[in-house]
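# Secondary and tertiary structure notes
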Amino acid sequence: MASHIVGYPRMGPKRELKFALESFWDGKSSAEDLEKVSADLRASIWKQMSGAGIKYIPSNTFSYYDQVLDTTAMLGAVPPRYNWTGGEIGFSTYFSMARGNASVPAMEMTKCHFIVPELGPDVNFSYASHKAVNEYNEAKSLGVDTVPVLIGPVTYLLLSKPAKGVEKTFPLLSLLDKILPIYKEVIAELKAAGASWIQFDEPTLVLDLESHQLEAFTKAYAELESSLSGLNVLIETYFADVPAAAFKTLTSLSGVSGFGFDLVRGGQTLDLIKGGFPSGKYLFAGVVDGRNIWANDLEASLTILQSLEGIVGKDKLVVSTSCSLLHTAVDLINEPKLDQEIKSWLAFAAQKVVEVNALAKALAGEKDEAFFSANAAAQASRKSSPRVTNEAVQKAAAALKGSDHRRATNVSARLDAQQKKLNLPILPTTTIGSFPQTIELRRVRREYKAKKISEEEYIKAIKEEINKVVKLQEELDIDVLVHGEPERNDMVEYFGEQLSGFAFTANGWVQSYGSRCVKPPIIYGDVSRPKPMTVFWSTAAQSMTKRPMKGMLTGPVTILNWSFVRNDQPRFETCYQIALAIKDEVEDLEKAGITVIQIDEAALREGLPLRKAEHAFYLDWAVHSFRITNVGVEDTTQIHTHMCYSNFNDIIHSIINMDADVITIENSRSDEKLLSVFREGVKYGAGIGPGVYDIHSPRIPSTEEIADRINKMLAVLETNILWVNPDCGLKTRKYTEVKPALENMVSAAKLLRTQLASAK
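Residues numbered from 1 in each chain as written. Predicted model: local features only at pLDDT ≥ 70, side-chain atom pairs only at ≥ 80, totals over all residues. Heavy atoms only, no water.

Another aspect to go through is the overall build of the protein. Per the secondary structure count, the protein includes 27 helices and 19 strands. Whereas a compact globule of 760 residues would reach a radius of gyration of roughly 27 Å, the protein reaches 26 Å, a difference of no more than 12%. Projected onto its principal axes, the C-alpha coordinates of the protein cover approximately 75 × 60 × 50 Å. Out of the 760 residues belonging to the protein, those deemed buried represent 61%. Sequence separation of at least 24 residues holds for 79% of the intrachain contacts in the protein that already meet a minimum separation of 6. Of the roughly 29000 Å² of accessible surface on the protein, 52% is carried by carbon and sulfur atoms. The positive charge centre, built from 84 side chains, and the negative charge centre, built from 93, are 2 Å apart in the protein. (Helix = DSSP H or I, 4+ residues; strand = E, 2+ residues; numbered from the N terminus. Rg over C-alpha atoms; globule rule 2.2 N^0.38 Å. Buried < 20%, exposed > 50% of the residue type's maximum accessible area, 1.4 Å probe, protein only. Contact = heavy atoms within 4.5 Å. Areas by Shrake-Rupley, 256 points an atom, 1.4 Å probe, with all protein chains shown as cover. Lys, Arg positive; Asp, Glu negative; His and termini not counted. Charge placed at Lys NZ, Arg CZ, Asp CG, Glu CD.)

Given below as structure tokens:
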């Protein structure tokens, strides 16, 4: 009975790691305290999997930040700015790379939420973190034999970027010869410790790779073969189909015992396996979805597994998850208040471990009939439940076909009409939406939710907070204000709670990056908006100031991409339904006198498929969904949008196609990569605010530094379209950081206004 889990959530069922990390960062607890919480979490995970009967249990999938950063530490690839002097990398250097510190900025984080390695010809790699071996030994001391997991060497290099000062064309794969000796050291230590299997995660094999990149895999594993002799080697892929050329390369690798595939998002991979799988090799079949929370259709999975058994042989088939369970919530046991019918349709990480084992037992002739029939009943109830379908919503979404939903007037004419109404200075300043969420504020929301304070007391407290944020922005002399979002727990959850077709969990937390966790809503049925969601707070905020107050909404694509989405209809159909709900809200805000409305699409880039062939279709419906939300507004209503993670150069034309009046984009952490697209001659006519400082770091940038950033922008963008704003919302920062940073931002904008005026 062979069962395997690719990886497991590390935050803990009640976010224990998050609180331990933040306490450590705030200086309230010691490194030993943090290590103790972490060791307890790891022990409970290993014991849980072992108790559930899983044969191949992963180790080294735990991380204090992310696994790519762990690999950077393992290889000693610390950028010089962190003044690391060698030896074992400790928390100080590790967290400085992740978060920056008082004197140097953090490394870049991508849309996939990992810290990007900065490499070049002069990096002196050295074995500088023994985490993989330490965790293997830790599990062994608890009586659990694990499969240590390493990010594969080729994937690591393909996820890297040339460091500052290194030619952009520097071939990162040329560093393979420099990192493989360190991998050999790690392998030797794991072998000596008694490991019998080792798992290399090589998910980049699902990308569109060129032949020289595929050759790097062949070269890397040929070079490692002698070091790996005596070990069983699993190469794990996930998140998409493996293309035919990559499948051929992968299954021809020397010294490899088994291959793991995502068979949830990899229907074509299934065909490739059926077309020819190397004899004598293990197939780790990822049939249990690691990226969603729906219960597995066990009978359907069993049918797939039985067909594979005929190809690879009974003793070579291993039941697995499609990818790490990191992307799902931890355990349904912590959801006593969740609607029972909906709960029966779900499986979180702990339940998926049980599903994997149940499938492995069924394959081995020990099928748990009661478990399978309960699963079949839940599948049937979900298909037939009246709460899933809403005829009116289906009709409205179907009626969208045939129009591309563009505003009638072009953007430059709209901007002129808006300027007459708003009368903003050049280089207008604004922020992205949220202001710090203080302990007091969280307490008020918690008490209101628990019915410990009345609605009247709650409204009074929130209005006081909004007033404080408005006054602060007026004192700082910011031009376009926000209300600070004190009433919101999360930019997606807040809207989902007010839309039909959504369900919510109490502890369905998923790690976003570092200690940041999100609690994605569950979209189980057709989506509609029963009543206005934000109009009350936005109009209250606007009444407190004469300056324009932005109405703040989350866009349909971001709500979709940051939710657990129903898997019984195409994603775009669900997205169009959400777009119609947001459209109703936009029009109600406009009627209520709000003249600037921001519809955040923070996660637009995040939903981009991994393969280029699928980009056009996704971008078409995603951008269309955004346009649906604001097609009905007047020319004088200014539509803003905001996007996170700055790798937009390949989709800039789609961003222009969104036809927003103003777009603010995260930019400061990626060496202004975004600006290069404008240097290359892309004409952008709408308002644009590339972020002038990184809000993910506690560091406070100086006026000069921000002015320098704005000047770089002015070199490639017209003065009359440039906005000045931080990278992202300020929710996770403290007021002691926010005030001086915004003060310096406004000073920099004013300084440049003066310079530009005198230059005229």
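The next thing to look at is the pairing of strand β11 (residues 510–513). Across three bridges, β11 lies against strand β12 (residues 516–518) in antiparallel orientation. Counted as the bridge partner of V510 is V518 from β12. Two successive antiparallel strands, β11 and β12, enclose a turn made up of two residues, where G514 displays a positive phi of approximately 50 degrees. (Pairing = 2+ DSSP bridges.)

With that settled, consider the sheet that holds strand β14 (residues 550–554). Strand pairing in a sheet relies on backbone hydrogen bonds. The paired strands run either parallel or antiparallel. Reading across from one edge, β14-β16-β17-β18-β19 is the order of the five strands in this open sheet, with parallel pairing throughout. Strands at the two margins of the open sheet, each flanked by one partner only, are β14 and β19 (687–690). Averaged over all neighbouring strand pairs, the angle between strand axes comes to 20 degrees, with direction disregarded. Across three bridges, strand β16 (residues 596–600) lies against strand β17 (residues 638–643) in parallel orientation. Paired with I597 across the strands is I639, a residue of β17. Packed on one face of the sheet, helix α22 (residues 571–591) meets β14, β16 and β17 and runs near 175 degrees to β14. (Axes fitted to C-alpha atoms, helices over the stretch in contact; angles between N-to-C directions.)

The next point concerns helix α14 (residues 369–384). End to end, α14 covers 23 Å across 16 residues, agreeing with the expected 22 Å (1.5 Å per residue, within 8%). Among the residues of α14, F372, N375, A378, Q379 and R382 are the ones counted as buried. Projected down its long axis, α14 shows its buried positions confined to an angular sector of 120 degrees, all on one face. In α14, those exposed residues whose orientation departs by more than 90 degrees from the buried face are E369, A370 and S384. (Expected span 1.5 Å × (residues − 1). Arc of directions from axis to C-beta.)

A word on the sheet that holds strand β9 (residues 317–321). Judged by pairing direction, the sheet is parallel, and its seven strands sit side by side in the order β1-β3-β5-β6-β7-β8-β9 without closing on themselves. The open sheet is flanked by β1 (57–59) and β9, the only strands paired with a single partner. Neighbour-to-neighbour, the strand axes of the sheet open up by a mean angle of 30 degrees, direction not taken into account. The strands touched by helix α2 (residues 31–52) within the sheet are β1 and β3 (146–151), with β1 carrying the most contacts at an inclination of about 165 degrees.

Of note, the phi angle at D477 is positive, near 65 degrees, even though the residue is not glycine. As for its position among the elements, D477 is in the loop between α18 (455–476) and α19 (493–496).

Residues F435, F678, Y693, I710 and L742 are the most contacted members of the largest nonpolar core, which totals 101 residues. Among residues more than four places away in sequence, those in contact with Y693 are S668, P701, I706, R709, N725, P726, D727, L730, A741, L742 and M745. Counting 94 residues, the second-largest nonpolar core is a separate cluster that includes Y127, A139, A246 and V356. (Core = buried A, V, L, I, M, F, W, Y, C linked by side-chain atoms within 4.5 Å.)

Now for the environment of V68. Its location among the elements puts V68 in helix α3 (residues 67–74). For V68, a relative accessible area of 6% corresponds to the buried category. V68 sits 95 residues away from A163 along the chain, and the two C-alpha atoms are 16 Å apart. In contact with V68, other than residues within four places in its own chain, are F114, I115, P117, I151, Y156 and L159.

Below, the discussion takes up the packing of aromatic side chains. All told, the structure shown has 29 aromatic pairs when counted by the stated rule. Centroid distance F200 to Y221: 5.5 Å. Interplanar angle 75 degrees. Geometry classified as edge-to-face. Here Y221 lies in helix α8 (residues 211–228) and F200 lies in strand β5 (residues 197–201), a separation of 21 residues in the sequence. The buried category is assigned to Y221, whose relative accessible area is 1%. Aromatic side chains Y238 and F239 sit 4.7 Å apart centroid to centroid with 75 degrees between the ring planes, which places their arrangement in the edge-to-face category. Given a relative accessible area of 10%, Y238 falls into the buried group. Taken together, F24, W25, F62, Y64, Y65, F91, Y94 and F95 form an aromatic cluster joined through their ring pairs. (Phe/Tyr/Trp six-rings, centres within 6.5 Å; stacked < 30°, edge-to-face > 60°.)

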